[in-house]
Amino acid sequence: MHQKSERSEQEFRDSQRRAARPEGLGKWRQGAESRWRSGLSCLPGVAVSLLAGGLAIWGAGYSQLPAMMIALLLGVGSGALGRNPLMEPGLAVSVRVLTRVGVALLGLQISLGTILQIGVDGLFYLVGATVATIGLTILVAPLFGLRRGFGLLIGGATAICGASAALAISALLPPSGRLNRHLSFTIMAVTALSTVAMVAYPAGLLALGVGDVRAGFVLGASIHDVAQVVGAGYAISDTAGETAVVVKLFRVMLLVPLVFVLAQWSHRAGRAGAAAPRVPLFILAFLGGVVASSAGVVPVHLSSAAALASQVMLTASVFAVCALTPLSGIVRAGAGPVRLSVAATLFILGLALAASAWLLPFSGG
């Protein structure tokens, strides 16, 4: 009798498992179908963003405007797409996902051996200037009528790598309409200021009679976007261009500790029982690219392809965020953000000029 009871109980459990199995499989299929539909809904917006990014890069080759500026203008002129239900999901995904992939691919363009050419004094200066610029913009943002988070975006973009840094920082912040407006303005401001600097800084340094190496250091340490650093440096000479690019790439690397600090801050600002902060995956991929490039295991053609892919994705992200943000919202930002952006730009330029005069590795330039 007891054995019969045990057998019937086992049969009951087996039947329950068999009954539950189709239900679990059904839920898995339902989830997979939902993700598939969600992915399909994003395709139009992502495709348009990538197309705009490619057009911006192509247009930059036939004009005096940098690709970021062209992508920005295309995005501002395509505001209707951001309100289109067919396009909006993909545009939002472009801002989040393409930004991360584009930043991650930047790592393949940086090697530690090249960075060490700057010298210990130069590296310490660049770290100090970055911290000072970001800290100052956060601290004084309320004096310009701005939130400190807006100051963080402007400071990070000014101190590190322009629009790329602003996009990477925004990827760690809670998405909102206000964040999109702040991000759009920051991209617009640093891109415009970088373009002005690309023309004005080389002319000023040549007029002052600054040597090629020192001039390259100033350009790499003060101009926001990588493309404009390249244009400004090689406008003076090959030596100035090479120096400017090396200095700028180290500034790009400083995005890693900034993101880690932001992750720590977000964790502490959150609930007490939140999980320990983790470095975002795209920053780990960026570091992996730096290691691979430093080890010399990345073929030249792969590095070139990664550089192009990174540029396309970042310009696509700029297009998407500007398309999602109404121009009226950017205009309503007022004069405060303009003044803070200009002040931060002049501040880091002043630091670079002062440092170039006494930093030993560059004093002979």
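Residues numbered from 1 in each chain as written. Predicted model: local features only at pLDDT ≥ 70, side-chain atom pairs only at ≥ 80, totals over all residues. Heavy atoms only, no water.

Our next topic: the overall build of the protein chain. Within the protein chain, the secondary structure is distributed over 16 helices and zero strands. When each of the 365 residues of the protein chain is scored for burial, the buried share is 47%. Accessible surface, the protein chain: about 17,800 Å² in total, of which carbon and sulfur atoms supply 66%. (Helix = DSSP H or I, 4+ residues; strand = E, 2+ residues; numbered from the N terminus. Buried < 20%, exposed > 50% of the residue type's maximum accessible area, 1.4 Å probe, protein only. Areas by Shrake-Rupley, 256 points an atom, 1.4 Å probe, with all protein chains shown as cover.)

Before going further, it helps to examine the packing of aromatic side chains. Under the defined criterion, the tally for this structure stands at three aromatic pairs. Between the aromatic rings of Trp-58 and Tyr-62, the centroid separation amounts to 5.1 Å while the plane-to-plane angle is 45°, which identifies the pairing as tilted. Here the two residues Trp-58 and Tyr-62 agree in accessibility, since each one is exposed. Judged by centre distance (5.6 Å) and plane angle (50°), the rings of Tyr-125 and Phe-217 are tilted. Placement of Tyr-125 in helix H6 (residues 120–140) and of Phe-217 in helix H9 (residues 212–222) is noted, with a sequence separation of 92 residues between them. Each of the two residues, Tyr-125 as well as Phe-217, counts as buried. (Phe/Tyr/Trp six-rings, centres within 6.5 Å; stacked < 30°, edge-to-face > 60°.)

Quick look at the confidence of the model for the protein chain now. For the protein chain, per-residue confidence averages 80 on the pLDDT scale, and 81% of positions sit at 70 or higher. Ranking the elements of the protein chain by mean pLDDT puts helix H15 (residues 327–331) last with 61 and H6 first with 93. Note that residues 271–277 has pLDDT below 50 and, in this model, six contacts with residues that lie over four places away or in other chains. In the model, residues 360–365 has pLDDT below 50 throughout and makes 15 contacts with residues more than four positions away in sequence or in other chains. (pLDDT = per-residue confidence, 0-100. Contact = heavy atoms within 4.5 Å.)

Looking now at the nonpolar core. Counting 81 residues, the largest nonpolar core has Phe-286 and Val-318 as the members making the most contacts within it. The element best represented in this core is helix H7 (residues 148–170), accounting for 12 residues. Leave out the neighbours within four places in its chain, and Phe-286 touches Val-103, Ala-104, Leu-106, Gly-107, Ile-110, Val-252, Met-253 and Val-256. One finds Ile-154, Phe-185, Ala-189 and Leu-340 within the second-largest nonpolar core, a separate group that totals eight residues. (Core = buried A, V, L, I, M, F, W, Y, C linked by side-chain atoms within 4.5 Å.)

The next thing to look at is the environment of Leu-73. Mapped onto the elements of the fold, Leu-73 is located in helix H2 (residues 67–76). The class for Leu-73 is partly exposed, based on a relative accessible area of 47%. Placed 17 residues apart in sequence, Leu-73 and Ala-56 show a C-alpha to C-alpha distance of 9.4 Å.

Where nonpolar side chains cluster on the molecular surface, the patch consists of Leu-51, Leu-55, Trp-58, Tyr-62 and Leu-74 and spans about 600 Å² of accessible area. Top contributing element to the nonpolar patch by residue count: helix H1 (residues 2–60), with three residues. Here Trp-58 lies in helix H1. (Patch = residues over 30% accessible without salt bridge, like charges linked within 9 Å, V, L, I, M, F, W, Y side chains within 5 Å. Salt bridge = Lys/Arg side-chain N within 4 Å of Asp/Glu carboxyl O.)

Between H7 and helix H14 (residues 300–324), whose axes approach to 11 Å, the crossing angle comes to 70°. Looking at the two axes, H7 sits roughly perpendicular to H14. For the element pair H7 and H14, the recorded crossing hand is left-handed. Contacts from Ala-163, Ser-164 and Leu-167 of H7 reach H14 at Leu-314, Ser-317 and Val-318. Split into classes, the residues belonging to the contact of H7 with H14 amount to four nonpolar, two polar and no charged. (Axes fitted to C-alpha atoms, helices over the stretch in contact; angles between N-to-C directions. Parallel < 35°, antiparallel > 145°, perpendicular 65-115°, else oblique. Left-handed = near helix turned anticlockwise from the far one by under 90°. Nonpolar A, V, L, I, M, F, W, Y, C, P; charged D, E, K, R; others polar.)

Assignment of secondary structure puts Thr-186 in helix H8 (residues 177–208). Leaving out residues up to four positions away in the same chain, Thr-186 has contacts with Phe-150, Leu-153, Ile-154, Ala-157 and Ala-166.

Right, let's talk about helix H10 (residues 226–236) for a bit. For H10, every residue scored as buried is listed here: Gln-228, Val-229, Ala-232, Gly-233 and Ile-236. Projected down its long axis, H10 shows its buried positions confined to an angular sector of 125°, all on one face. In this structure, the buried residues of H10 make contact with H8, H9 and helix H11 (238–253). (Arc of directions from axis to C-beta.)

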